[in-house]
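Given next are the chains, with one letter for each unit.
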Amino acid sequence: MAVDPTTISPIQPVNPVQPPPQPPSNNHNDDNQPITDRDYLDKVVIQNTRKYTIAKAEFSVPCMPSMADQALKLLQDYCAVLGKPGTPEEQEKLKAFLTEKLSQGFKVSPHSRLVMMCVPAKPEVGLLGGVSIQTKVISESLSDKYTTWPKTRPDPLFGSEPDFKVMDVAASLGEPSQVRVLDVGAGPGRNSLPLARRGHPVHALELTPVFAQKLVDAAKPENLPVEVAVGNVLDPLVRMQPYYYQYVVSSEVISHFRDAQELRLFFGKMSDALVTGGKLLVSLFLTEGGYEPTDLVRELGEVSFSSIFTPAELRKSIEGLPLNILTVEAALEYERQHYQGPSWPPTPWYEGWCSGRNLFPIDKKPPTQLYWVLMERS
Ligand SMILES: C[S@@+](CC[C@H](N)C(=O)[O-])C[C@H]1O[C@@H](n2cnc3c(N)ncnc32)[C@H](O)[C@@H]1O
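Being a predicted model, the structure only gives us computed values, none of them experimental.

A. Quick look at the UniProt feature "domain: Methyltransferase" (unreviewed entry) in the chain. Under the local residue numbering, the UniProt record ascribes the feature "domain: Methyltransferase" (unreviewed entry) to residues 181-278. For residues 181-278, the helix share is 33%, the strand share is 26%, and the end-to-end C-alpha distance is 10 Å.

B. Region of interest: the packing of helix H2 (residues 68-82) against helix H3 (residues 88-108). For the pair H2 and H3, the least separation of the axes is 9 Å and the interaxial angle reads 130 degrees. Classed by the angle they form, the pair H2 and H3 counts as oblique. By crossing handedness, the relation of H2 to H3 is classed as right-handed. Between H2 and H3, the contacting residues are Ala68, Asp69, Ala71, Leu72, Leu75 and Gln76 on the first element and Gln91, Leu94, Lys95, Leu98, Thr99 and Leu102 on the second.

C. Spatial organisation of the site of the ligand. Close to the ligand lie 19 residues; Gly185, Arg190, Glu206, Thr208 and Asn232 are nearest. With respect to the ligand, the side chain of asparagine 232 contributes an N or O atom lying 2.7 Å from a nitrogen atom. Separating a nitrogen atom of the ligand from a backbone N or O atom of valine 233 is a distance of 3.0 Å. Against a free-state accessible area of 590 Å², the protein chains account for coverage of 97% of the ligand. Across the shell around the ligand, the residue classes break down as eight nonpolar, eight polar and three charged.

D. Highlighting unusual backbone geometry. Cis geometry marks the peptide bond from aspartate 155 to proline 156; its omega dihedral reads -10 degrees. Along the chain, proline 156 falls in the loop between helix H5 (149-152) and helix H6 (164-171). Residue proline 345 is bonded to the preceding tryptophan 344 through a cis peptide linkage, with omega at 0 degrees. The phi dihedral of tyrosine 243 falls on the positive side, at around 50 degrees, and the residue is not glycine. Here tyrosine 243 lies in the loop between strand E8 (226-230) and strand E9 (245-250). The backbone of phenylalanine 305 shows a phi angle near 60 degrees, a positive value even though the residue is not glycine. The residue phenylalanine 305 is located in the loop between helix H10 (295-303) and strand E11 (308-309) in this model. Looking at phenylalanine 305, the relative accessible area reads 13%, which means it is buried.

E. Here's a closer look at the environment of lysine 136. Within the fold, lysine 136 resides in strand E5 (residues 131-139). Along the chain, lysine 136 and leucine 114 lie 22 residues apart, while their C-alpha atoms are 5.9 Å from each other.

F. Structural context of the pairing of strand E13 (residues 368-377). Counted residue by residue, E13 has nine buried out of ten residues, so it is predominantly covered. Inspection of the sheet shows strand E10 (residues 274-287) paired to E13 by nine bridges, in the antiparallel sense. Residue phenylalanine 285 lies in a different strand from E13, and its bridge partner there is leucine 370. Pairing analysis gives seven bridges linking strand E12 (residues 323-330) to E13, with the strands arranged antiparallel. In the sheet register, isoleucine 325 faces E13, and the bridge partner there is methionine 375.

G. Structural detail: the nonpolar core. Counting 40 residues, the largest nonpolar core has Tyr146, Trp149, Val166, Leu195, Val226, Tyr247 and Leu281 as the members making the most contacts within it. The biggest single contributor to this core is H6, with four residues. Not counting residues up to four positions away in its chain, the partners in contact with tyrosine 146 are Phe158, Thr208, Phe211, His256 and Phe305. In this structure, Leu182, Val233, Leu234 and Met240 belong to the second largest nonpolar core, which totals 31 residues.

H. How the structure looks around the pattern of salt bridges. All chains considered together, the criterion is met by 13 salt bridges. For glutamate 140, the salt bridge is made with lysine 145, and the minimal N-O distance between the two is 3.8 Å. Glutamate 140 gets classed as buried once you look at its relative accessible area, which sits at 15%. Residues joined in a network through salt bridges with shared partners are Asp163, Arg190 and Glu252.

I. Structural detail: the confidence of the model for the chain. The share of residues in the chain with pLDDT of 70 or more is 93%, and the mean pLDDT across the chain is 92. Below a pLDDT of 50 lies the segment residues 5-17, which in the model reaches 45 contacts outside its immediate sequence neighbourhood of four places, other chains included.

Definitions and cut-offs
Residues numbered from 1 in each chain as written. Predicted model: local features only at pLDDT ≥ 70, side-chain atom pairs only at ≥ 80, totals over all residues. Heavy atoms only, no water. UniProt positions renumbered as here; feature names shortened; annotations may be inferred. Helix = DSSP H or I, 4+ residues; strand = E, 2+ residues; numbered from the N terminus. Axes fitted to C-alpha atoms, helices over the stretch in contact; angles between N-to-C directions. Parallel < 35°, antiparallel > 145°, perpendicular 65-115°, else oblique. Left-handed = near helix turned anticlockwise from the far one by under 90°. Contact = heavy atoms within 4.5 Å. Near = heavy atom within 4 Å. Polar contact = N/O pair within 3.5 Å; in protein donor to acceptor, adjacent residues only side chain to side chain. Areas by Shrake-Rupley, 256 points an atom, 1.4 Å probe, with all protein chains shown as cover. Nonpolar A, V, L, I, M, F, W, Y, C, P; charged D, E, K, R; others polar. Buried < 20%, exposed > 50% of the residue type's maximum accessible area, 1.4 Å probe, protein only. Pairing = 2+ DSSP bridges. Core = buried A, V, L, I, M, F, W, Y, C linked by side-chain atoms within 4.5 Å. Salt bridge = Lys/Arg side-chain N within 4 Å of Asp/Glu carboxyl O. pLDDT = per-residue confidence, 0-100.

Below you can see the structure in the form of structure tokens.
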């Protein structure tokens, strides 16, 4: 996890010192007489209590550039509660500042957060001194994020059963010992281990070291034919053995990709790694009904582990590569129909996530869902 140095926004104070209430007109001319008007004096004292009142707030938002307006609104509303919401120029400046911070953080990782701390600009005069806004961007990589999972979530993290589709395709490919498998983003081995138990020689590539270690530890006692490597499949330095695998599987991984270029890079590498006639099975979120996602939706897709692609983007990402799409099937329906585990759903989050409701929490059908896409290397 990386935290950038705290930056203090130039916008301060947004709530300048307020003028005292006006004295009553009948006291105006005689400075020697004490003012005794109770209403007026109460007003003065109420105003004065603001000097002794301290307010602090902290907002933490996902670093999505498209969220600048929402982030600004949180600060505006907060400042409005305390008094003045700031001048239009200050608001403009603040919005530009937030947009820059959100974009910076998002570029580093979709799991970055912008923390906005509102503190008294001059603590010695409490609310009267205005609000100073300090920000920090906390960037967490995907691997950092997954590293916390074993500490905060019950096992098995991704379900106790392999994907039915993964095993179904494996069963169609002939004698397991002759079908070399690459499992990309293998996690703790939900699919790698059962594939190795079938007799496939399995290479597992995994980004998150704790998951890779779990997989090694699970394979060892059974002496399973699994070789595990830690690495990012999108890293140009991470190379696959060319023209080697009969079957490449990548389940629940593309939902972390950042854009169509990464999709293209991935398919390029996978087509190099497959032998002619080899199969590539991936799961990914595709849009439906002609829906074209906005930047806002794409950004939250990344944040919610549900990166989405349009069918046209999928087609383009394999253009010119020796890959042909054989089938495209809705994953939730397929897995639900064939599930053989102890109790459906495999994890508490599986159905909501697969059906696109992590991103669109609606009862009606969202315009995206997880699909199984099976391809063949020509
Ligand atoms: C939701 S889990 C799925 C794990 C496993 N495939 C399964 O279906 O049970 C996604 C996994 O993909 C890994 N991952 C994500 N992006 C990756 C990348 N670029 N290279 C390698 N592994 C990646 C994550 O570390 C995580 O273990």
